[in-house]
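# Topology and contacts: notes
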Amino acid sequence: MGLTLLKNADASGVYFLPAPRRAAIESSSNRLHFKVLTADIAEYSSAEAVLFQLGSALNFPIWYGSNFDALFDCLTDPDWEPAKGHVLLISGISRLRTADPDDFATLLEVFQAAAEAHREMRSPFWILIDSPARGIPTFPEA
């Protein structure tokens, strides 16, 4: 995985990352001194439970309200997990898609809006999910 791509804030966003490529992304991210955070949401099928788990796994502040607006606010808060860049590895997302397609779509919209906000701030920000989804490209190969 090329370090150049990860550093490119203009290319950052929400992508599907095939499992065999995960270790390379983590290694490259660590070399860049990016904050790498993981969240496994496979056990949860409701938006409420998924949002709570994301808040816990991503070290959100105590004021995080486990709703879509609060998720966006935390992901775009410059004081949350300060770093040169961020890579969020989200696994188990397909369960929410099966249980509640509307909330799944909303979650992806929030992720995409947060990535757009980071692009505007010129801050590399990658949300990499473990399952293909309509409208979400596969993470580019170097």
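For the structure, check the block above.
Read on for an overview of the structure. (Residues numbered from 1 in each chain as written. Predicted model: local features only at pLDDT ≥ 70, side-chain atom pairs only at ≥ 80, totals over all residues. Heavy atoms only, no water.)

### Quick word on the sheet that holds strand β4 (residues 125-129)
Reading across from one edge, β1-β4-β3-β2 is the order of the four strands in this open sheet, with parallel pairing throughout. With partners counted over all chains shown, the strands left at the sheet margins are β1 (14-16) and β2 (35-40), one partner each. Between one strand and the next, the sheet's axes are offset by a mean angle of 20°, whatever the strand orientation. Of the strand pairs in this sheet, strand β3 (residues 86-91) and β4 are connected by five bridges, and their pairing is parallel. Note that in β4 the partner of histidine 86 across the bridge is phenylalanine 125. Contacts from helix α2 (residues 22-31) reach β2, β3 and β4, with the element oriented near 155° to β3. (Pairing = 2+ DSSP bridges. Helix = DSSP H or I, 4+ residues; strand = E, 2+ residues; numbered from the N terminus. Axes fitted to C-alpha atoms, helices over the stretch in contact; angles between N-to-C directions. Contact = heavy atoms within 4.5 Å.)

### Digging into the packing of helix α4 (residues 68-76) against helix α6 (residues 101-120)
Put simply, α4 and α6 touch, their axes get as near as 9 Å, and they point 25° apart. Between α4 and α6, the crossing angle belongs to the class labelled roughly parallel. The way α4 lies across α6 gives a crossing that is right-handed. Side by side, α4 and α6 meet where Phe68, Leu71, Phe72, Leu75 and Thr76 of the first sit next to Asp103, Thr106, Leu107, Val110, Phe111, Ala113, Ala114, Ala117 and His118 of the second. When the residues that make up the contact of α4 with α6 are grouped by side-chain class, the tally is ten nonpolar, three polar and one charged. (Parallel < 35°, antiparallel > 145°, perpendicular 65-115°, else oblique. Left-handed = near helix turned anticlockwise from the far one by under 90°. Nonpolar A, V, L, I, M, F, W, Y, C, P; charged D, E, K, R; others polar.)

### A short note on α4
Taken as a whole, α4 has its buried residues at Phe68, Ala70, Leu71, Cys74, Leu75 and Thr76. Looking at the buried residues of α4, the elements they touch are α3 (47-57), β3, α6 and β4. (Buried < 20%, exposed > 50% of the residue type's maximum accessible area, 1.4 Å probe, protein only.)

### Regarding the packing of α3 against α6
α6 packs onto α3 with a crossing angle of 30° between their chain directions and a minimal axis gap of 10 Å. Comparing the axis directions of α3 and α6 gives the class roughly parallel. Between α3 and α6 lies a crossing of right-handed hand. Only Asp103, Leu107 and Phe111 of α6 make contact with α3, whose side of the interface consists of Ala47, Val50, Leu51 and Leu54. A breakdown of the residues in the contact of α3 with α6 according to their chemical character gives six nonpolar, no polar and one charged.

### A closer look at the pairing of β3
Walk down a regular strand and you will see the side chains alternate between the two sheet faces. Burial runs high along β3: six of the six residues are buried. As paired elements, β2 and β3 share six bridges and run parallel to each other. Of the residues in β3, the one forming a bridge with leucine 37 is leucine 88.

### Side note on the environment of isoleucine 41
In this structure, isoleucine 41 sits in the loop between β2 and α3. Between the C-alpha atom of isoleucine 41 and that of isoleucine 90, which follows or precedes it by 49 residues, the distance is 7.3 Å. With sequence-adjacent residues up to four places away left out, isoleucine 41 is seen in contact with Val50, Gln53, Leu54, Ile90, Ser91, Gly92 and Ile93.

### Remarks on the pattern of salt bridges
Throughout the structure, instances matching the rule amount to four salt bridges. Notably, a salt bridge pairs lysine 35 with glutamate 81, separated by 3.2 Å at the nearest N-O pair. Here the residue lysine 35 occupies a position in strand β2, and glutamate 81 occupies one in the loop between α4 and β3, the gap between them amounting to 46 residues. Take glutamate 81: its relative accessible area is 16%, and that puts it in the buried class. For arginine 119, the salt bridge is made with glutamate 116, and the minimal N-O distance between the two is 2.4 Å. In this pair, arginine 119 and glutamate 116 both sit in helix α6, three residues apart, roughly one turn of the helix. Classification of arginine 119 as partly exposed rests on a relative accessible area of 23%. Residue glutamate 116 is classed as partly exposed on the basis of its relative accessible area, which comes to 31%. (Salt bridge = Lys/Arg side-chain N within 4 Å of Asp/Glu carboxyl O.)

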